[in-house]
Amino acid sequence: MKDKEIEIKIKIDDRDALTKKVEALGGIFKERGNEMDVLYDDGKGFYDAHKVLRLRKADKTNVLTYKEKLPKSTSFNLLERMELQTEVGDYQIMDDIIKHLGFVPYRIKEKKYEDYLLDGLKVEFHTVAFLGDFIEIETEDINKLKIVLGKLGLNLEQGINRDYGTLFSEYCEQHNLPKDTPCTFEAEQRSLPH
Amino acid sequence: MREIEAHFLEVDPEAVGQKLSALGAKKVQDEIIIDRIYEHLSDSDWHKHKKRVRLRQDGKKSQITFKELKDFNVLGGTEELETEISDLKAMEQILLYLGLSLKRRAEKRRVRYILNTIKFDLEFWPKLKPLLEIESDSEDKVREGAKLLGLNWENANFMDMKDIYEKIYNIPIENIKILTFDKFE
């Protein structure tokens, strides 16, 4: 159980170049994979209050996560949240339990990830359907974060303090996509002009 | 998934254990099980259908179970959804953040025997006499389990534990928060 999460998320244009930079700086490749998330809402303002109930199907595990913004979260560049999570044995059964608790699937979100360890920090490259490539670094040591960002040619000011669910909602609004569009690579493919 | 099980109250655990061993049943567990029961206290539908979420520490395993009593007069009257979880404390916190409340913390001792696909659980609950729970994947098998032990099917009980406490033993537990071997409050 981890109860506090501080992370920076930065949109990147040239993922390959940045990956090479991480490797050149001694970053150790840890793993890559795909994750399919379902986000739930109770229809009573849960999701709008920036609370997240997420059931994740990854390559090897299923994880249930609850997140909410910390009351003292003031940063415009960092995502500071309280986070609770547990691995779950049976994905389908947990989905059914969540529905019995009064929640319904609100958003499906797909992501490809590649994780590195650099200077003791977990550096993640994400490719999110519709949204593109991001680098995400999780830490509680802001000074260390600044140093690593500097080495990568990035800075704190580039950080986006919104989660992918919120970013995708904004994307749907900007591109006139229905609110319930799945944030999946298949849906992205379908939405491309033929 | 429906839970197919029957209770036989006030059994002699030693005699049942000996009989099961003689039948070739394998004793697979003898442990104290700790349960935490969560409910939506203000939701009348939860009360009416006896919906509850149970977090269970069973030896090294942790589980979450959602239960809903559909009909307490028949076998398979309870719908049960159950899966393992890795972090009981995190799950507990998540349930509270989702608006559920801790209704009760309870413990029991369970001695489990397995014969083919039939589970025989000798259960020891605070303030109650030992009972036997027979569980399998069909009513026929549960009946077969009872027959093997020479138990009269007429005596089978299909209530949940709350009703057993309250309706059979006249021990109200609705407002009991801690139901353990050393505390009842």
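Now for a quick tour of the structure. (Residues numbered from 1 in each chain as written. Chains lettered and ligands numbered in written order. Predicted model: local features only at pLDDT ≥ 70, side-chain atom pairs only at ≥ 80, totals over all residues.)

1. Focus on the overall build of chain A
Line of reasoning, step 1. For chain A, the count of helices and strands is 5 helices and 8 strands.
Line of reasoning, step 2. When the elements of chain A are put in sequence order from the N terminus, they spell out β-α-β-β-β-β-α-β-β-β-α-α-α.
Line of reasoning, step 3. In terms of overall dimensions, chain A is globule-like: its C-alpha atoms have a radius of gyration of 17 Å, near the 16 Å expected for 194 residues.
Line of reasoning, step 4. Overall, the C-alpha framework of chain A stretches about 45 × 45 × 35 Å when taken along its three principal axes. (Helix = DSSP H or I, 4+ residues; strand = E, 2+ residues; numbered from the N terminus. Rg over C-alpha atoms; globule rule 2.2 N^0.38 Å.)

2. What about the overall build of chain B?
Line of reasoning, step 1. In terms of helices and strands, chain B carries 5 helices and 9 strands.
Line of reasoning, step 2. In terms of overall dimensions, chain B is globule-like: its C-alpha atoms have a radius of gyration of 16 Å, near the 16 Å expected for 185 residues.
Line of reasoning, step 3. Its C-alpha atoms give chain B principal-axis dimensions of about 50 × 35 × 35 Å.
Line of reasoning, step 4. A total of 185 residues make up chain B; the buried ones form 26% of that total. (Buried ≥ 20, exposed ≤ 12 C-beta atoms within 10 Å, placed from the backbone.)

3. Remarks on the interface of chain B and chain A
Accessible area lost upon the coming together of the parts serves often as the stated size of an interface.
Line of reasoning, step 1. Counting from both sides, the interface comprises 16 residues of chain B and, opposite them, 17 residues of chain A.
Line of reasoning, step 2. Mapped onto the side of chain B that touches chain A, the elements with two or more residues apiece are strand S4 (61-69), strand S5 (78-85) and helix H3 (88-97) of chain B.
Line of reasoning, step 3. Looking at the side of chain B that touches chain A, the element that brings in the most residues is H3 of chain B, giving 6 residues.
Line of reasoning, step 4. Its residues placed into classes, the side of chain B that touches chain A shows 9 nonpolar, 3 polar and 4 charged. (Contact = placed C-beta atoms within 7 Å. Nonpolar A, V, L, I, M, F, W, Y, C, P; charged D, E, K, R; others polar.)

4. Brief notes about the environment of Gly24 of chain B
All names here are of chain B.
Line of reasoning, step 1. Looking at the element boundaries, Gly24 is found in the loop between helix H1 (13-23) and strand S2 (26-39).
Line of reasoning, step 2. By the C-beta count within 10 Å, which is 9 here, Gly24 ends up exposed.
Line of reasoning, step 3. Here the alpha-carbon distance between Gly24 and Tyr113, two residues 89 residues apart in the chain, equals 9.6 Å.

5. Focus: the nonpolar core
Line of reasoning, step 1. Core analysis: the largest hydrophobic core is formed by 33 residues, its most contacted members being Leu53 and Ile97 of chain A together with Met91, Ile94 and Leu95 of chain B.
Line of reasoning, step 2. For this core, the element with the most residues is H3 of chain B, which contributes 4 residues.
Line of reasoning, step 3. Listed in part, the 20 residues of the second largest apolar core include Ile8, Phe125, Leu149 and Cys183 of chain A. (Core = buried A, V, L, I, M, F, W, Y, C linked by C-beta atoms within 7 Å.)

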